[in-house]
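# Observations on chain architecture
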Amino acid sequence: MHRLALALAAASLPTFAFAQAAGPQTPATLEASADAALTDDVLAWDFVEGITTEVGPRQAGTEAEKRGRDWAVAWLNANGFANVADEPFEMDTWVRGTETAEIVSPYPQPFHVAALGTSASTGNRGITAEVVEFDSVAALQAAPEGSLKGKIAYISNNMTPTQDGSQYGFAGPARWVGAGIAASKGAVASVIKSVGTDYHRNPHVGGTSFPEGVKPIPAGALSNPDAANLERMFDRAGDTPITMKLVLTPRDLGTTTSGNVVGEIVGRDPSLPPVLVACHIDSWDLGTGAIDDGAGCGIVAAAAKHAAAAGQPLRTIRVLMAGAEETGLWGSEAYSKAHIDEPIAVGLESDFGADRIWKFESNFAKSNPDLHKRIAAAVARFGVSTGTGVATGGADINIVRDQNGAIIDLSQDGTRYFDLHHTPDDTLDKIDPEQLRQNVAVWTQVVGLLANEPGPIKGQ
Ligand code: ZN
Ligand code: ZN
């Protein structure tokens, strides 16, 4: 692949190396363009390979995320997108510090731990306290008020891999609300079994939250092998207390600036509402943000380009690479606030890795059955089934939900997603180029069809 170096005007910025705008050779039809992407998609790979190599981790609100946005802006410009911008917004930024956990007694040994987003600090000396075990969030909720005073709460979960990722909804609350419930019952800290399906000694990070009026406590995630070890200790220890020393020293940086990167393939009739394709540009900090969500940004941007390769689409295709999704959907909310008066025809998001698309659903099967059926028929040749559910979209297309607009979900195979999600293992080598190409081909077909749809595309 021929590469060219793009020297940026600002001397303080690094030089990025990009592939030339490639894609199918001027295919005659949208179908031909989508089929070509199936065997020859370099753009999506180029994006995720480039940003993970030249930028790496892109934690929300930090200088690293800013470098990621600069990189994405330069990539979109280099690939011929119009109206490329980085729209700033303010956010509260949190960064991790030192993180260690060890069992002090009765079976002394170190564990692997990482702080959850918005965790409080233990201070450099750490917290040493008895651990109380809960096998679920429901069990924690049932603990009497004040019963955790001076204790570290350990909250387990039992997550299994599923194609549709539905186990995240089942296991996720241990991370999302466990620490807040523990704090409200007097715990001095909490640790969870990672919300993940792997057996590596990697904690899965991610945000947690504390209810209004509840003072945040230090909150960590143990790697799954360490969580299993702790559970075996409880089985053996009987009435003997298990004591853990936990050191987590994250810091709140206060208000910093993030931004939403946008770019467009301008349609033949810019007065028509655009098709919005979204992803998020930030990532958690332990990996390089390949599957979450560098791949998603590569997929949506490549699909927009491939869809336009067969000819300028009727509607504008707008790419939104939202900033600061991971730490509280800041970018998506800022985008909705800034653009709520600009109608969107239909919104789609890619934020579930890079594996193959297996299911299509919309929220207009009843209100616009003709379009729904045409899309279903168009993606069938890629092995995509049509679901019976109603699409709800993801975190990065808040604006479409706020407008009660049309939404499409292209479900990716999530069987291995939660092995990698929010861990140091979220790196480029986990992306399967063949599955990525199928993903982009389906996206190309759907985005192209929508962008050439003359009639109104109503939500349900
Ligand atoms: Zn994500
Ligand atoms: Zn994520």
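Residues numbered from 1 in each chain as written. Chains lettered and ligands numbered in written order. Predicted model: local features only at pLDDT ≥ 70, side-chain atom pairs only at ≥ 80, totals over all residues. Heavy atoms only, no water.

## Regarding the side chain of Asp 285
Within the secondary structure, Asp 285 sits in the loop between β13 (275–280) and α9 (290–309). Within the structure, the side chain of Asp 285 is placed 2.7 Å from the side chain of Arg 96, a separation counted as a polar contact. Those residues in contact with Asp 285 that sit more than four places away from it in its chain are Pro 57, Gln 59 and Arg 96. (Helix = DSSP H or I, 4+ residues; strand = E, 2+ residues; numbered from the N terminus. Polar contact = N/O pair within 3.5 Å; in protein donor to acceptor, adjacent residues only side chain to side chain. Contact = heavy atoms within 4.5 Å.)

## Some points on the pattern of salt bridges
Counted by the stated rule, this structure contains 17 salt bridges. The salt bridge involving Glu 342 is made with Arg 318; its shortest N-O contact spans 3.6 Å. Taken together, the positions of Glu 342 in the loop between α10 (330–339) and β15 (346–349) and Arg 318 in strand β14 (residues 317–322) put the pair 24 residues apart, joining distant regions of the chain. By relative accessible area, which is 13% here, Arg 318 ends up buried. (Salt bridge = Lys/Arg side-chain N within 4 Å of Asp/Glu carboxyl O. Buried < 20%, exposed > 50% of the residue type's maximum accessible area, 1.4 Å probe, protein only.)

## Here's the deal with unusual backbone geometry
A cis amide bond links Ser 105 to the next residue, Pro 106, at an omega of 5°. With respect to the secondary-structure elements, Pro 106 resides in the loop between β4 (99–105) and β5 (109–111). Between Asp 292 and the following residue, Asp 293, the backbone shows a cis peptide bond with an omega angle of 10°. Structurally, the position occupied by Asp 293 is in helix α9. Backbone geometry places Ala 324, a non-glycine residue, at a positive phi of 50°.

## Quick word on the domain arrangement of the protein
Taken domain by domain, the protein comprises domain 1 (3–94 + 254–451) and domain 2 (97–249). Here the C-alpha centroids of domain 1 and domain 2 sit 34 Å apart. Taken residue by residue, the interface counts 17 residues in domain 1 and 24 residues in domain 2. Of the roughly 1600 Å² buried between domain 1 and domain 2, counting both surfaces, carbon and sulfur atoms make up 60%. On the surface where domain 1 and domain 2 come into contact, there are eight residue pairs in polar contact (both at pLDDT 80 or more). (Domains from an automatic or database assignment. Buried area = accessible area lost by both parts, 1.4 Å probe.)

## Regarding the packing of aromatic side chains
Throughout the structure, instances matching the rule amount to eight aromatic pairs. Ring geometry for Phe 47 versus Trp 75: centroids 5.1 Å apart, planes at 85°, classification edge-to-face. Linking Phe 47 in helix α2 (residues 43–54) with Trp 75 in helix α3 (residues 63–78), this pair joins segments that are 28 residues apart in sequence. Here Phe 47 matches Trp 75 in class, with each residue buried. Taken together through their ring pairs, the aromatic side chains of Tyr 168, Trp 176, Phe 352, Tyr 417 and Phe 418 make up a single cluster. (Phe/Tyr/Trp six-rings, centres within 6.5 Å; stacked < 30°, edge-to-face > 60°.)

## What about the coordination of the zinc ion (ligand 2)?
Only Asp 292 (OD), Glu 326 (OE), Glu 326 (OE) and His 422 (NE2) from the protein reach the zinc ion (ligand 2) as donors, at distances of 2.0 to 2.6 Å. Around the zinc ion (ligand 2), the four donor atoms are arranged such that angles at the metal cover 56 to 141°; this shape is classified as irregular. Each donor residue of the zinc ion (ligand 2) belongs to the same chain, and together they define the spacing D-x33-E-x95-H. A gap of 3.3 Å separates the zinc ion (ligand 2) and the zinc ion (ligand 1), which Asp 292 links by coordinating each metal. Of the two residues, Asp 292 is situated in helix α9 and Glu 326 in the loop between β14 and α10; the sequence distance between them amounts to 34 residues. The class of Glu 326 is buried, set by a relative accessible area of 12%. (Donors = N, O, S within 2.8 Å, 3.2 Å for Na, K, Ca; no water. Tetrahedral: all angles 85-135°; square planar, octahedral: opposite > 155°, others 65-115°.)

## Some words on the state of the cysteines
Applying the stated criterion across every chain yields a total of one disulfide. The disulfide partner of Cys 279 is Cys 297, and the S-S distance across this bridge is 2.2 Å. Across the disulfide from Cys 279 to Cys 297, rotation about the S-S bond amounts to roughly 100°, and the bridge is consequently right-handed. Here Cys 279, found in strand β13, pairs with Cys 297, found in helix α9; they are 18 residues apart in sequence, far enough to count as distant. (Disulfide = S-S within 2.5 Å.)

## Let's talk about the sheet that holds strand β3 (residues 82–95)
Pairing is mixed across the open sheet formed by eight strands, whose spatial order is β3-β12-β14-β13-β15-β18-β16-β17. The open sheet is flanked by β3 and β17 (385–386), the only strands paired with a single partner. Taken together, the four bridges between β13 and β15 define a ladder with parallel strand orientation. In the sheet register, Val 277 faces β15, and the bridge partner there is Leu 348. Relative to strand β16 (residues 357–362), helix α11 (residues 369–379) is tilted by about 175°, and along the sheet it contacts β16, β17 and β18 (406–412). (Pairing = 2+ DSSP bridges. Axes fitted to C-alpha atoms, helices over the stretch in contact; angles between N-to-C directions.)

## Considering α11
Those residues of α11 lying buried are Leu 371, His 372, Ile 375, Ala 376, Ala 378 and Val 379. The buried residues of α11 occupy an angular sector of 165° when projected down its axis, which confines them to one face. Of the exposed residues in α11, the ones pointing more than 90 degrees away from its buried face are Lys 373 and Ala 377. Of the surrounding elements, those touching the buried residues of α11 are β16, β17, β18 and α14 (433–451). (Arc of directions from axis to C-beta.)

## Overview of the coordination of the zinc ion (ligand 1)
Bound to the zinc ion (ligand 1) are the protein donor atoms His 280 (NE2), Asp 292 (OD), Asp 351 (OD) and Asp 351 (OD), situated 2.1 to 2.4 Å from the metal. In this structure, the zinc ion (ligand 1) is coordinated by four donor atoms arranged in irregular fashion, with angles at the metal of 57 to 145°. Sequence positions of the donors to the zinc ion (ligand 1) reduce to the motif H-x11-D-x58-D. Take Asp 292: its relative accessible area is 4%, and that puts it in the buried class.

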